[in-house]
Amino acid sequence: MPARRPVVRVLIGVLVGVLLLGAGLAVGAWTLTRPTDTVGAVSFVRPLAVPPLAESRLDDRGQRVFDLVAQEGRRDFRGDGRTTATAGFNGAFLGPTLRARRGEQVRVNVANTLGQETNVHWHGMHLPARMDGGPHQLVRPGATWSPTWRVDQPAATLWYHPHPHGATEDHVYRGLAGMFILDDEREAALPLPRTYGVDDVPVIVQDRSFSGSGQFDKTRNAFAGVGVLGDTLLVNGTVGPYLDVRTQRVRLRLLNASTARTYDFGLSDNRQFALIGTDGGLLARTARLTRVRLSPGERAEIVVDVRPGERVSLRSTPPDLGIGGLSRRSAGGADRFDVLQLRAADTLAPAPPVPDDLVPVARLDAGAAVTTRRLELRGRGINGQSMRMDRIDFAVTRDSTEVWEVLNADGTPHNFHVHDVQFQLLTVDGAAPPPELTGWKDTIFLPPHRPMRIVLRFTDHSDPNLPYMYHCHLLWHEDAGMMGQFVVVDPGQAPGRPPTHTGHGKHD
Ligand SMILES: [Cu+2]
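Conventions used here
- Residues numbered from 1 in each chain as written.
- Predicted model: local features only at pLDDT ≥ 70, side-chain atom pairs only at ≥ 80, totals over all residues.
- Heavy atoms only, no water.
- Helix = DSSP H or I, 4+ residues; strand = E, 2+ residues; numbered from the N terminus.
- Rg over C-alpha atoms; globule rule 2.2 N^0.38 Å.
- Buried < 20%, exposed > 50% of the residue type's maximum accessible area, 1.4 Å probe, protein only.
- Donors = N, O, S within 2.8 Å, 3.2 Å for Na, K, Ca; no water.
- Patch = residues over 30% accessible without salt bridge, like charges linked within 9 Å, V, L, I, M, F, W, Y side chains within 5 Å.
- Areas by Shrake-Rupley, 256 points an atom, 1.4 Å probe, with all protein chains shown as cover.
- Salt bridge = Lys/Arg side-chain N within 4 Å of Asp/Glu carboxyl O.

1. Overview of the overall build of the protein
Within the protein, the secondary structure is distributed over 5 helices and 32 strands. For 508 residues, the compact-globule estimate of 2.2 N^0.38 gives 23 Å, and the C-alpha radius of gyration of the protein, at 24 Å, lies within 12% of that figure. The C-alpha extent of the protein, read off along each of the three principal axes, is 100 × 65 × 50 Å. Counting all 508 residues of the protein, 58% fall into the buried class.

Laid out in structure tokens, this is it:
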């Protein structure tokens, strides 16, 4: 009937409009999430900066004492005269490498000269909750905090960074981070490269974007579900780094200190490398691999064989994030980076082959677990709750083993980090873990909808009031509340209450 025609026309018009809008949004999203690809485009023109080993002294009680000063600074990263406002420990950007042996009592004086509260968390370290440097151990501007603990865990590549709740991303992004290497006798007995800065080299990888005036640019596009993804890599703070290699084998201690980006590290010619260690120490057996995926906070120790006179690059190829399409692109899953060029000398000092067997790694007994917990990461929280400083989420009993089933219930990637203890993977999406996930871990990548079962053992350091954290280590997510708190209690002890914080000022 003729009277209906205008209605039909309007409906068609609306439909066409909706379709055009949808197409426009899709094109816009596709354009905004255009993959970053720096392979072949990086000029390796600067020698890799190697963080200095932190000086230390033995005090009259036999403690090894370090001094860290959190400070603001400026750095011209790209040599174009535009300096970037930064922060670092004992310098303008990043911090010195702390190093201690198993069994040593260490003390670190952390002085805060920033104009705001900060703190330092010892990522991967087993220590009392009050020394952990979590959100409850804030250091006021002008104050010094001096945690002390006995190193009681295997040789490992750990790191340190601020952990003020709601501001961790900002503090780490500005440059507050450093490596903490632990040594022990078992590691020392193995024929591995271990001359710091020569054949045993920290590789701290961070992505940044720079604004027109040369400042770190934390602008997130509307589709960036994981957080800030930069288009420029800094390795130990160096843009376009190369490393002169003078030995047949070089050990790289890879640390993903980025706030949101996951990498898949390998060599430019896809040669095998020897993966010898992960977050919490050396593996039981060397894994010969061509790629290792690291999400924010994770570490890997690899040994690379080089030939005289060659140049080969550490590269990051698109990581498997367990998702496809636009979600994958917006999470950096299609990005490629040239990371670090290795320049082998014409004559290389001989180095022994990496042994197949490394150190004994005792398997934790999941059968002994007294509790199985389910932790679901979704939205801005875990198990439906966002982080609250005054809420203890659960208590674990000292001298017990637990199994945690961790699930990313979102469509975007997360990862999962636990303070206090190193854990072991039982299953990855129901299957046995791959070789690179068989050792001690404190942080694991969580692709969407793939449950991970981990086993943890809590042996000491009980404190009913002061909690340890567990959280997503994508720092934007963590700051937004994807974090919880647990305490370790003595058998029969009830969990207490975290101290309330007054007069600490507010975070920006
Ligand atoms: Cu997350």
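2. Let's talk about the coordination of the copper ion
Taken together, the protein donors to the copper ion comprise His-414 (ND1), Cys-472 (SG) and His-477 (ND1), at separations of 2.0 Å. Sequence spacing of the donors to the copper ion: H-x57-C-x4-H. Of this pair, His-414 sits in strand β27 (residues 414-418) while Cys-472 is found in the loop between β31 (463-471) and α5 (475-480), placing the two residues 58 residues apart along the sequence.

3. Describing a nonpolar patch on the surface
Taken together, the side chains of Val-8, Ile-12, Val-16 and Leu-20 define a hydrophobic patch exposed on the protein surface, amounting to about 360 Å² of accessible area. Structurally, Leu-20 is set in helix α1 (residues 5-32). Judged by its relative accessible area of 57%, Leu-20 falls in the exposed class.

4. So, the pattern of salt bridges
Tallied over the full model, the rule gives 41 salt bridges. Measuring nitrogen to oxygen at the nearest pair gives 2.8 Å for the salt bridge that ties Asp-269 to Arg-271. A relative accessible area of 38% places Asp-269 in the partly exposed class. On the accessibility criterion, Arg-271 (12% relative accessible area) is buried. If you follow the salt bridges from partner to partner, you end up with Glu-72, Glu-169, Asp-170, Arg-174, Lys-218 and Arg-220 in one network.

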